[in-house]
Amino acid sequence: MPSPTPNATLLDTLKSPRSATSSIYSPSIRSVRLSQDSDDSLRDLELSDGPLLAETPRSLRPRSYSVSGFDFQHDLLPLSSSLSEPNEIHPESHEKRLSLVNGIALIVGLQIGSGIFSSPGVVVANTQSVGASLLVWFAAGVLGWTGASSFAELGSSIPVNGGAQAYLQYSYGPLVSYLFAWTAISALKPGGNAVISLIFAEYLNRLFWHSTRADVSPDAIPEWATKLTAVAAVVVVSVICVATPTLSTRAAVVFTTVKIIALVSITVLGLVQLARGRASTSFTEPLFDHSSTSPSAYALALYSGLWAFDGWDQANYVGGEMKNPEKNIPRAIHSSMVIVMILFILANVAYFTVLDKNTVGLSNTVALDFGRALFGPVGGVVFAAMVAFSCFGALNGSFFTSSRLIYVAGKEGYLPALFGRHNSLLKTPLNAMCLNAALTIMFILIGGGFRSLINFAVVASWAFYFLTVLGLVILRVKEPTLHRPYKTWILTPLVFCAVCIFLLCMPIIAAPLEAIAVLGFVLAGIPLYYITHRQEGKPTRAQTFFSSITARFRGRPAPGAGWQAVATEGDENVEMEESRAFAR
């Protein structure tokens, strides 16, 4: 048997284990081309000598890497490095079009979501004082800031698409990366969709139940009504996504605009009331009076604040399209985090200016109560309609990306193949959408409500955020020569990891059921990884098992059993001939 060529051996060496991202960290087309060109051979040998992307002499031409498969943010701008190789892969897509202002606007838009219209009540209910509540919001913003700075360094030093999943793959290997993808499919995405649908349902129910009534407690809506409305919203959004798949992208600007108008209106109106000296008892009484002394209570409050700030981890997705990225990426991240922190803290000040802390603590629809306190039932209707409209848009966009995630998982063999098929009539992933809707409805019905689902989602996501940022610290030690166009202070990831440990330990006391559920989802992914794991060009173990069972029922040898069917000349009968192709 002829010996393999050096380039062929190199290709085998560079193939990383298959994970949730299909073939992750594949070199660019130029570096894998089977060519006799000496320059390419030297570059290939350099790649095979050490860790990928590490210890690369700056004199060589830069390279770009891409990650295919589970792209969690397909509609966002792809992450790439400023070291991208021109005229190689998608030459037009690497044109730097975004200015610093454009990048700041995108990152701010990613972070402002439904959380600021629902989480303030959970925060103050746990801290039990206005001053402590504002400090928790500040701490949540700072923690998100440290995480965004850490992700910026990872994004610049590991120039691949895929965000946290790609960084986990590089730092820990395919198993941890797969567990992140599995948890996102089975828990994070459906759980997040359930939270958004419940917020929409509460605002819509209160709009019809309480807008024309006086002196009604915010928590007086029957639980069954909220859940029924949330399930109906999931069904309607699923039908819309299947029937008109382009709606989410076309309407995204409208939904985002309404959301920002609502937030700015609340902030301005509240500050005007404060300037006029018409503050509620929230600010006339001592700010830290009756503050909670329980660490677990502050952990639960911080969960809700972090949920509102969610989106900071996607900041580096805009990096590949920014002009002068080495300077503008950190500037955009720092500027956007300052803007969002100021907006969120001022929005809370506005809420407390108009409403007393007890009303805020009972309410998951604080924007409605704010508008109603200022302008009566009409104000409540206006603000409730704006928030419900923006939540519906967010749910529509999230369902679109979630169904795509399931669709890709089905095509890659990590879920049954039926979820990786388009409906022949609608030309959309109907099966994937049905699974996504079923999982979301399951979380709505048995998830324990809005506040429990927030705890569940934050614990699940921040466990992987912790591992991702810890990987940055590990890479600082293991690969000190790794090129880092942006390098954050080492104290930044250390503070982030320390707070994450606190957040991940507290659920044992404060939210044990949610912690057990998260652990169960993550552990369930381990056997699935080994069942669905396969080498390039070979079927998964699950596919081999089912093919073997099918072959036995049909009275034929199992695939790969060493026999193949051949037809003899002049005879229509089929003989079985032993095959040993691998020995030839």
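See the structure printed just above.
Model, not experiment: these values are computed from the prediction.

Here is what the cut-offs are and how they apply
- The residue count restarts for each chain, going from 1 along the sequence in the order it is written.
- Reporting of local features is limited, given that this is a predicted model, to residues whose pLDDT is at least 70; pairs of side-chain atoms are given and counted only at 80 or more, and all residues count toward the totals for whole chains, interfaces and linings.
- To obtain the side-chain values, all non-hydrogen atoms of the structure were used and water was disregarded.
- Strands are runs of DSSP state E lasting at least 2 residues, helices are runs of H or I lasting at least 4, and numbering of each runs from the N terminus.
- For the exposure calls, accessible area comes from a 1.4 Å probe over protein chains only, and a residue counts as buried if that area is under 20% of its type's maximum, exposed if over 50%, partly exposed in between.
- Residues are treated as being in contact if the distance between any of their heavy atoms lies within 4.5 Å.
- To measure how exposed things are, a 1.4 Å probe is used in the Shrake-Rupley method; for residues, cover is taken only from the protein chains shown.
- Throughout this description, the term nonpolar core refers to a set of buried Ala, Val, Leu, Ile, Met, Phe, Trp, Tyr and Cys residues connected via side-chain atoms within 4.5 Å.
- To count toward a patch, a residue needs a relative accessible area above 30% and no salt bridge. Like charges then connect within 9 Å, nonpolar side chains (Val, Leu, Ile, Met, Phe, Trp, Tyr) within 5 Å.
- Basic side-chain nitrogens of Lys or Arg form a salt bridge, by our definition, when they fall within 4 Å of a carboxyl oxygen of Asp or Glu.
- Helix span, expected: 1.5 Å multiplied by one less than the number of residues in the helix.
- Any pair of nitrogen or oxygen atoms within 3.5 Å is treated as a polar contact; in protein, a donor-acceptor pairing is required on top of that, and neighbouring residues in sequence qualify only through side-chain atoms on both sides.

**Side note on the overall build of the protein**
Here is step 1 of the chain: The secondary structure content of the protein amounts to 22 helices and two strands.
Here is step 2 of the chain: The 584 residues of the protein split such that 53% are buried.
Here is step 3 of the chain: Across the protein, contacts joining residues at least 24 apart in sequence account for 78% of those joining residues at least 6 apart.
Here is step 4 of the chain: Within the structure as shown, the protein displays about 26,100 Å² of accessible surface, and the carbon and sulfur contribution to it stands at 64%.

**Description of the nonpolar core**
Here is step 1 of the chain: If you look at the biggest cluster of nonpolar residues, it comprises 126 residues, and the most contacted ones within it are Phe117, Tyr203, Phe344 and Trp462.
Here is step 2 of the chain: Residue contacts for Trp462: discarding those within four places in its chain leaves Leu143, Leu306, Trp312, Phe496, Cys500, Leu503 and Leu504.

**Some remarks on a nonpolar patch on the surface**
Here is step 1 of the chain: Taken together, the side chains of Trp489, Ile490, Leu491, Leu494 and Val495 present a nonpolar region at the surface, about 540 Å² in accessible area.
Here is step 2 of the chain: By secondary structure assignment, the location of Val495 is in helix α19 (residues 491-505).

**A look at the pattern of salt bridges**
Here is step 1 of the chain: Taken as a whole and judged by the stated rule, the model has four salt bridges.
Here is step 2 of the chain: Residues Arg476 and Glu153 are paired through a salt bridge, measuring 2.8 Å at the closest nitrogen-oxygen approach. Pair noted here: Arg476 is in helix α18 (residues 450-478) and Glu153 is in helix α6 (residues 130-157), with a separation of 323 residues, a long-range link. Of the two residues, Arg476 and Glu153, neither departs from the other in class, the shared state being buried.
Here is step 3 of the chain: A salt bridge links Glu153 to Arg484, with the shortest nitrogen-to-oxygen separation between them at 3.2 Å. Taken together, the residues Glu153 in helix α6 and Arg484 in the loop between α18 and α19 connect sequence positions 331 residues apart.
Here is step 4 of the chain: Here the salt bridges share partners, and the residues they tie into one network are Glu153, Arg476 and Arg484.

**A look at α19**
Here is step 1 of the chain: The end-to-end C-alpha distance of α19, which contains 15 residues, comes to 21 Å, matching closely the 21 Å that a straight helix rising 1.5 Å per residue would cover.
Here is step 2 of the chain: As for α19, its buried residues are in contact with α6, α12 (295-308), α18 and α20 (507-510).

**Observations concerning the side chain of Ser403**
Here is step 1 of the chain: Here Ser403 is to be found in helix α16 (residues 377-411).
Here is step 2 of the chain: A polar side-chain atom of Ser403 sits 2.9 Å from the main-chain carbonyl oxygen of Phe400.
Here is step 3 of the chain: Dropping the residues within four chain positions of it, Ser403 is found in contact with Ala432, Met433 and Asn436.

This is a description of form; function is not addressed.
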